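Here is how the chains run, residue by residue.
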Amino acid sequence: MKLITIIIKPFKLEEVREVLADIGVQGMTVTEVKGFGRQKGHSELYRGAEYNVNFLPKMKIDIAVNDECVEEIIHVVQQTAFTGKMGDGKIFIVELQHAVRIRTGETNDSAL
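Please read all numbers here as calculations on a predicted model, not as lab measurements. (Residues numbered from 1 in each chain as written. Predicted model: local features only at pLDDT ≥ 70, side-chain atom pairs only at ≥ 80, totals over all residues. Heavy atoms only, no water.)

Novice: Just checking my understanding: could you explain the side chain of Lys 12 for this structure?
Specialist: Mapped onto the secondary structure, Lys 12 falls in the loop between strand S1 (2–8) and helix H1 (13–22). For Lys 12, the side chain forms a polar contact with the main-chain oxygen of Thr 80, separated by 3.1 Å. (Helix = DSSP H or I, 4+ residues; strand = E, 2+ residues; numbered from the N terminus. Polar contact = N/O pair within 3.5 Å; in protein donor to acceptor, adjacent residues only side chain to side chain.)

Here is the structure:
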């Protein structure tokens, strides 16, 4: 099992959710986060005053999946979230050691 964490631009969330649902992803956790990578934030103008925005809004999607699904998920997310501009996001894959469905007590793959 793997835990896939996807960081994307906020306006791409619905598009990514749709393609993940189309390939059979049954559940995900979405969190509004702020951060920066190589773009290091940007400057904005508000009522004539310039100020720096160090942390940019992002969406974080966490998905627990079977090992067989990982490559397909990476592929569709890369295609869907791509804009070609800095800040498109990242995908992190981590080994998931154990999962438990609270309601039924099912564990690991059957809990997903």
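Back to the write-up after that little detour.
Novice: Just to check I follow, could you spell out H1 for this structure?
Specialist: One turn of an α-helix holds 3.6 residues; hence residues three or four places apart share an orientation. Taken together, the buried positions of H1 are occupied by Leu 13, Val 16 and Leu 20. All buried residues of H1 fall inside an arc of 70° around its axis, so they share one side. (Buried < 20%, exposed > 50% of the residue type's maximum accessible area, 1.4 Å probe, protein only. Arc of directions from axis to C-beta.)

Novice: Please clarify how the sheet that holds strand S2 (residues 29–35) should be interpreted in this entry.
Specialist: Remark on secondary structure: sheet strands pair via backbone hydrogen bonds, oriented parallel or antiparallel. As summarised here, the arrangement of the four strands in space is S2-S5-S1-S6, forming an open sheet in which the pairing is antiparallel. Sheet topology places S2 and strand S6 (89–95) at the edges, where each strand pairs with a single neighbour. Each adjacent strand pair in this sheet contributes to an overall mean axis angle of 20°, direction not counted. Sheet analysis places S1 next to S6, joined by seven bridges and oriented antiparallel. Looking across to S6, one finds that Ile 7 is bridged to Lys 90. Helix-sheet contacts for H1 involve S1, S2 and strand S5 (56–65), and the interaxial angle to S5 is about 10°. (Pairing = 2+ DSSP bridges. Axes fitted to C-alpha atoms, helices over the stretch in contact; angles between N-to-C directions. Contact = heavy atoms within 4.5 Å.)

Novice: Sorry if this is basic, but what is going on with helix H2 (residues 70–81) here?
Specialist: Helix length check: H2 (twelve residues) gives 16 Å between terminal C-alpha atoms against 16 Å at 1.5 Å per residue, within 8%. Three or more residues of H2 are buried, namely Val 70, Ile 73, Ile 74, Val 76, Val 77, Thr 80 and Ala 81. Elements that come into contact with the buried residues of H2 comprise S1, H1, S5 and S6. (Expected span 1.5 Å × (residues − 1).)

Novice: Whenever I open this one, the pattern of salt bridges confuses me. Can you help?
Specialist: Any two side chains of opposite charge can pair if their charged atoms end up close together. One pass over the structure, following the stated rule, counts six salt bridges. A salt bridge links Asp 88 to Lys 9; the shortest N-O distance between them is 3.8 Å. Pair noted here: Asp 88 is in the loop between H2 and S6 and Lys 9 is in the loop between S1 and H1, with a separation of 79 residues, a long-range link. Take Asp 88 and Lys 9: they sit in the same class, and that class is buried. One salt bridge connects Arg 17 with Glu 14, and the closest N-O pair in it is separated by 2.5 Å. (Salt bridge = Lys/Arg side-chain N within 4 Å of Asp/Glu carboxyl O.)

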